[in-house]
Amino acid sequence: MKKKSKTKQALKLLKDAYSIETPEDNVEYYRDFSKVYDDIYVEGMSYVYPKYVAKELISYYQEDGPICDIGCGTGLVGKELIKLNSKLVIDGIDISSDMLKVAGTKSVYRNLHSFDLTKPIKGIPMNYKAIISSGTFTHGHLGPKSLINLLIICDVGCILTIGINGLHYVDKGFKKILDNLEKSSKIKMLNIIQQDIYSQQIDLDNQKNSKALICTFKKCS
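One numbering rule holds for all chains: residues counted from 1, following each sequence as written. Note on the predicted model: pLDDT of at least 70 is required for a residue's local features to be given, and 80 or more for side-chain atom pairs to be given and counted; whole-chain, interface and lining totals, by contrast, use all residues. Each side-chain value is worked out from all heavy atoms of the structure, with water and hydrogens disregarded.

Undergrad: Help me understand the overall build of the chain, please; the structure alone is not making it clear to me.
TA: Numbered from the N terminus, helices here are DSSP runs of H or I no shorter than four residues, and strands are runs of E no shorter than two. Each helix and strand in the chain was counted, giving 8 helices and 7 strands. Burial classes follow relative accessibility: with a 1.4 Å probe on protein chains only, a residue under 20% of its type's maximum area counts as buried, one over 50% as exposed, and anything between as partly exposed. Taking all 221 residues of the chain together, 52% fall into the buried category. Restricting to contacts in the chain with at least 6 residues of sequence separation, those with at least 24 account for 71%. Exposure was quantified through the Shrake-Rupley algorithm and a 1.4 Å probe, taking into account, for residues, occlusion by the shown protein chains and nothing else. For the chain, the accessible surface area stands at approximately 10,800 Å², while carbon and sulfur atoms represent 50% of it. By definition, residues are in contact when any of their heavy atoms lie within 4.5 Å.

So this is what it looks like as structure tokens:
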């Protein structure tokens, strides 16, 4: 399939994603999407977001303990992390078992967990030294309150690098949650950068959907 055709198909898939409202919607949507995600969406949209999120984490992460990839999907972030450091130990969590099946073929994860992070966390390790997420904290996926839940599964001093959709960073309450966590001394912000999600200009309904804020912070207590 030609690149132009892939981009057109990928744009339709992205538009459909904007209609996702519930965890159940996510599972249903990614059931079919998982089969074409890497080929159609990643290539068609020139999707480079995972690469930049991975690079940002590695620039701050100085430990040798396990990393958890939140909303790991087909394993794009894990693949980028291993390129940067082949000795990393990485687990992946995603609500879609279909996406996890694809991630499992890439030989980058120690363990993969199918889990809905909007629910109370259980049955998952609680000693992560780093948390990473790309493309999951956005409308219809994980909201700002899930940022608080993530602190449960990591040790004090854990580095968290979380990509947040630029359109929703303020409006959906992500900025407020992070500010409150820092004011209460639960985290310390290390860096916030704006990054393009795609490496080429994409004809989106709202161009703010082509930008992400990559937030890196440390768990303090």
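Undergrad: Got a minute to help me understand the pairing of strand E3 (residues 111–114) in this structure?
TA: Looking along a regular strand, one sees side chains alternate from face to face of the sheet. Paired strands, in this sense, are two strands between which DSSP finds at least two bridges. Two elements, strand E2 (residues 90–94) and E3, share 4 bridges in a ladder whose sense is parallel. The residue bridging aspartate 94 from the neighbouring strand is serine 114, located in E3. Taken together, E2, helix H6 (residues 97–103) and E3 constitute a β-α-β crossover, and its handedness is right-handed. Think of it like this: strands point away, you trace from the first strand over the helix to the second, and a clockwise trace means the crossover is right-handed.

Undergrad: I keep staring at the packing of aromatic side chains and nothing clicks. Help me out?
TA: Any two aromatic rings considered together are summarised by their centre-to-centre distance and by the angle between their planes. Pairing of aromatic side chains here covers Phe, Tyr and the six-membered ring of Trp, requires ring centres within 6.5 Å, and sorts the geometry by plane angle: under 30 degrees stacked, over 60 edge-to-face, intermediate tilted. Enumeration according to the criterion identifies 3 aromatic pairs in this entry. Ring plane angle 45° and centroid distance 6.0 Å describe the contact between tyrosine 47 and tyrosine 198, whose orientation is recorded as tilted. Residue tyrosine 47 is found in the loop between helix H3 (37–44) and helix H4 (49–58), and its partner tyrosine 198 is found in the loop between strand E6 (187–196) and strand E7 (211–219); the two are separated by 151 residues along the sequence. Consider the rings of phenylalanine 137 and phenylalanine 174, whose centres lie 6.2 Å apart with planes at 80°: the pair is edge-to-face. In this pair, phenylalanine 137 is assigned in strand E4 (residues 128–137) and phenylalanine 174 in helix H8 (residues 174–183), connecting sequence segments 37 residues apart. Looking at phenylalanine 174, the relative accessible area reads 1%, which means it is buried. Grouping aromatic residues by their ring pairs yields a cluster made of Tyr47, Tyr49 and Tyr198.

Undergrad: Where do I start with the confidence of the model for the chain in this structure?
TA: Detail in the predicted coordinates should be disregarded across regions flagged by low pLDDT. One number per residue, pLDDT, summarises how confident the predictor is, and it ranges from 0 to 100. Across the chain, pLDDT averages 86, with 81% of residues at or above 70. Least confident of the elements in the chain is helix H1 (residues 3–17), whose mean pLDDT is 58; most confident is strand E1 (residues 67–70), at 98.

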